[in-house]
Amino acid sequence: MKRNNPLQSVLASALLLFAGSTAYAQQTWSLKNNLLYDATLTPNLGIEGKVGERSTLQLFYGLNPWKFSDTKKLRHWSLMPEYRYWLSDKGPFGGWFTGIHALGGEFNVGGDIWPISFVKTLKENHYEGWYVGGGLTIGHAWRLSDHWNLEAALGVGYIRFDYDKYANEWCGPLLESGPYNYFGPTKLALNIAYVFGKQPEPVIVEPEPEPVPMPVVEPYKPDYHLAYLEPKAEQEKARNLKGQAYLDFVVNKTDIRRDYRRNADELRKVEETINVVRRDPNITITHIGIHGYASPEGSYASNARLAEGRAQAFKDYVQQLIDLPARLFSVASTPEDWEGLERALKDQGDAQVLAIVKSDALPDEKERQLKTHYPAQWKQLLADVFPALRHSDYTVSYTIRPFTIDEAKEIIRQKPQQLSLNEMFLVANTYTPGSHDFNEVFETAVRMYPDDETANLNAAVIALNRNDLQAAARYLAKAGSSPQALNARGVLAVRQGDRQAAERFWRQSTLPEAKHNLNELEKSNF
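Residues numbered from 1 in each chain as written. Predicted model: local features only at pLDDT ≥ 70, side-chain atom pairs only at ≥ 80, totals over all residues. Heavy atoms only, no water.

Colleague: Honestly, the overall build of the chain in this entry has me stumped. Any pointers?
Modeller: Scanning the chain from N- to C-terminus turns up 18 helices and 13 strands. Here the chain holds 526 residues, and the buried ones make up 44% of them. Considering only contacts within the chain whose residues lie at least 6 apart along the sequence, 64% involve residues at least 24 apart. For the chain, the computed accessible surface area is about 29700 Å², with 55% contributed by carbon and sulfur atoms. (Helix = DSSP H or I, 4+ residues; strand = E, 2+ residues; numbered from the N terminus. Buried < 20%, exposed > 50% of the residue type's maximum accessible area, 1.4 Å probe, protein only. Contact = heavy atoms within 4.5 Å. Areas by Shrake-Rupley, 256 points an atom, 1.4 Å probe, with all protein chains shown as cover.)

Here you go:
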């Protein structure tokens, strides 16, 4: 099917531009062939001419006229003009280059034929249309001899496709039409080129006379100061412990039977998890929340009853296990865990089934659609996915008593998660700043509280004192905007060679250390 082609004016302009460059290309120009394009059985030819001291203009054309069968085609033509700027001071046709390219053409492709057979939609369908686009290029040319070059180039950019999609059969029906916008690699070339004309004569540079030695003046070594930030003390150290139990129930029953299927192992895990908190003398349990979930098979009303009843049964079991008053417990339930099913299907990549799961239909209607339209997938979900959707989540909320500094020095080596950041800070101050024990406390703090701004700031100061700039940058990205953090960012910037950024951070900080660092920067004449 013929289509109106907007490439005509673009290609005509490119040809005129290249023709205008021939006045400059008389001294040095080349003919070339893309070996990677040859691998697709596509004849191609390029011509490149010099248009400046370090500039060239290239025009590449490829044409694949072959038709292997009515369902196997790779027919297309492609035209690619490109401007190049050569980075070597020796001029074009050698070394590294950058450039900008345009491209356009027409295509008639489809079927089980290399290389498009690797793309499922091209293998199973047939596409006709045109495309136009452009992008940026980077590459390198190696001189093999006085006239022969080998060059490699990679380009990335944008292509707009205008296409008709047909079923891949003889006179297959039209399936769809439309534009397609593509961003990504737009060029891959391994060219063999023959360069016409003489190479420039080498420039002989006369050696300069030996300079007269000057007295060596030691540069000023600045002493930049950093500052730690004391974390705020917690009024109450409240923590949470979360877990999940996957219990099996007799059909339509809500009572927990420890000897049924794998329940003994699941309940043992729950006991071990809760006992970690219950048996710790430093901990007081303040609340236990139970949330039960049922899987989506069966009626919604029945699942609502089962989810609520099973969550209550699990709560009664846990309450009996740890002997706590009922007022500390809360119970909630979700009749059918459709959100969990949605997460599982996203991992499997089943778009059709996922669309039904995410729809606004009522739960029983969604189940009916899945069983009717996708019986095989429904059977697989029942066997592999739904068991994991029948679970009871529990959250144990508790508080930890405060510790003296001597107690905290022992606790930090055994159970650092029980210490607040302020308690860790007080422990650090019992050691010599910069010592192994001092640094270890702050590194432990950021491991226990990886998203806390103060913990990340103090860890960044430790990293800067060791001159570990990579770790310091990682911590400072989460250190907030306190005066101490701004001062530390200034120290990082000056060590990375960015004087302007260092000055900006130090002028924003109100710390005496920041003012000191500005004075040191002036003395260093950096």
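Colleague: I keep staring at the side chain of Gln58 and nothing clicks. Help me out?
Modeller: Note that Gln58 resides in strand E3 (residues 55–64). A distance of 3.3 Å separates polar atoms of two side chains, one belonging to Gln58 and the other to Arg84. (Polar contact = N/O pair within 3.5 Å; in protein donor to acceptor, adjacent residues only side chain to side chain.)

Colleague: I'm lost on the packing of aromatic side chains in this one. Help?
Modeller: To describe a pair of aromatic rings, one takes the distance between the centres and the angle between the planes. Overall, the coordinates contain 19 aromatic pairs when judged by the stated rule. With 5.0 Å between their ring centres and 40 degrees between their planes, Tyr158 and Phe183 make a pair best called tilted. Remark: Phe183 occurs in strand E9 (residues 174–196) and Tyr158 occurs in strand E8 (residues 148–167); sequence separation between them is 25 residues. Under the relative-accessibility criterion, Tyr158 is labelled partly exposed at 28%. Their ring planes at 45 degrees and their centres at 6.3 Å tell us that Phe161 and Tyr180 sit as a pair that is tilted. In this pair, Phe161 sits in strand E8 while Tyr180 sits in strand E9, placing the two residues 19 residues apart along the sequence. (Phe/Tyr/Trp six-rings, centres within 6.5 Å; stacked < 30°, edge-to-face > 60°.)

Colleague: Before we go on, may I ask you to explain helix H4 (residues 263–278) in this structure?
Modeller: Because an α-helix completes one turn every 3.6 residues, residues spaced three or four positions apart along the sequence face the same direction. When the terminal C-alpha atoms of H4 are compared, their 22 Å separation across 16 residues agrees well with the 22 Å that a helix rising 1.5 Å per residue should span. Within H4 the residues assigned to the buried category are Asn263, Glu266, Leu267, Val270, Glu271, Ile274, Asn275 and Val277. The arc that holds the buried residues of H4, viewed along the axis, is 165 degrees, so those residues lie on one side. In H4, the exposed positions that point more than 90 degrees away from the buried face belong to Glu272 and Val276. Contacts from the buried residues of H4 go to strand E10 (237–245), strand E11 (283–293), helix H5 (300–322) and strand E13 (392–400). (Expected span 1.5 Å × (residues − 1). Arc of directions from axis to C-beta.)

Colleague: Sorry, what's going on with the environment of Leu144 here?
Modeller: Of note, Leu144 is situated in the loop between strand E7 (125–143) and E8. Judged by relative accessible area, which is 52%, Leu144 ranks as exposed. Along the sequence, Leu144 and Tyr194 sit 50 residues apart, while their C-alpha atoms lie 10.0 Å from each other. The residues contacting Leu144, other than those within four sequence positions of it, are Asn149, Leu150 and Ile192.

Colleague: Can you help me understand the environment of Gln352 in this one?
Modeller: Mapped onto the elements, Gln352 comes out in helix H7 (residues 351–358). Between the alpha carbons of Gln352 and His373 there is a distance of 9.8 Å; along the sequence they are 21 residues apart.

Colleague: What's the story with the sheet that holds E13 in this structure? I'm lost.
Modeller: Adjacent strands of a sheet form backbone hydrogen bonds with each other and so pair up, either parallel or antiparallel. Taken in spatial order, the four strands make up an open sheet running E10-E13-E11-E12, and their pairing is mixed. Looking at the sheet topology across the chains shown, the edges are occupied by E10 and strand E12 (329–334). Sheet twist, expressed as the mean angle between neighbouring strand axes with direction ignored, is 20 degrees. Note: E10 against E13, nine bridges, orientation antiparallel. Bridging from a neighbouring strand, Leu241 pairs with Val396 of E13. Against the sheet, H5 makes contact with E10, E11, E12 and E13, and its axis sits at roughly 155 degrees relative to E12, the strand it touches most. (Pairing = 2+ DSSP bridges. Axes fitted to C-alpha atoms, helices over the stretch in contact; angles between N-to-C directions.)

Colleague: Got a minute to help me understand the pattern of salt bridges in this structure?
Modeller: Once the charged atoms of two side chains with opposite charge are near each other, the side chains can pair. The tally for this structure, following the rule as stated, stands at 26 salt bridges. A salt bridge links Arg401 to Glu407; the nearest nitrogen and oxygen atoms lie 3.2 Å apart. With a relative accessible area of 28%, Glu407 lands in the partly exposed category. (Salt bridge = Lys/Arg side-chain N within 4 Å of Asp/Glu carboxyl O.)

Colleague: Please explain helix H14 (residues 453–465) as it appears in this structure.
Modeller: Along its 13 residues, H14 runs 19 Å from first to last C-alpha, staying within 8% of the 18 Å computed at 1.5 Å per residue. Here H14 lies mainly inside the structure; 11 of its 13 residues are buried. Within H14 the residues assigned to the buried category are Thr454, Ala455, Asn456, Leu457, Asn458, Ala459, Ala460, Val461, Ile462, Ala463 and Leu464. Two residues or fewer past H14, Asn467 is found with a positive phi of approximately 65 degrees.

Colleague: How should I be thinking about the packing of helix H16 (residues 483–495) against helix H18 (residues 512–524) in this particular structure?
Modeller: How two helices sit against one another is set out by the angle between their axes and by the gap between those axes. Viewed as axis vectors pointing N to C, H16 and H18 meet at an angle of 20 degrees, and their least axial separation amounts to 10 Å. The angle between H16 and H18 falls in the class roughly parallel. For the pair H16 and H18, the sense of crossing is left-handed. Residues Asn487, Val491 and Val494 of H16 lie in contact with H18, whose contacting residues are Glu513, Ala514, Asn517 and Leu521. Residues of the contact of H16 with H18, tallied by class, amount to four nonpolar, two polar and one charged. (Parallel < 35°, antiparallel > 145°, perpendicular 65-115°, else oblique. Left-handed = near helix turned anticlockwise from the far one by under 90°. Nonpolar A, V, L, I, M, F, W, Y, C, P; charged D, E, K, R; others polar.)

Colleague: Can you walk me through unusual backbone geometry in this structure?
Modeller: With the exception of glycine, most residues fall at negative phi, and the peptide bonds are largely trans. Its identity as a non-glycine residue notwithstanding, Phe93 has a phi of 70 degrees, on the positive side. One can find Phe93 in the loop between strand E5 (72–86) and strand E6 (95–110). Among the residues examined, Phe93 registers a relative accessible area of 3% and is labelled buried. Within the chain, Arg261 stands out as a residue other than glycine whose phi angle is a positive 50 degrees. When you line up the elements, Arg261 lands in the loop between E10 and H4.

Colleague: Teacher, can you tell me more about a nonpolar patch on the surface here?
Modeller: A contiguous nonpolar surface patch, about 1100 Å² in accessible area, is contributed by Leu35, Leu36, Tyr83, Tyr85, Leu87, Trp96, Ile100, Leu136, Ile138, Leu154, Leu188 and Leu190. Mapped by element, the contributors of at least two residues to the nonpolar patch are helix H2 (35–38), E5, E6, E7 and E9. Tracing the sequence through the fold places Tyr83 in strand E5. (Patch = residues over 30% accessible without salt bridge, like charges linked within 9 Å, V, L, I, M, F, W, Y side chains within 5 Å.)

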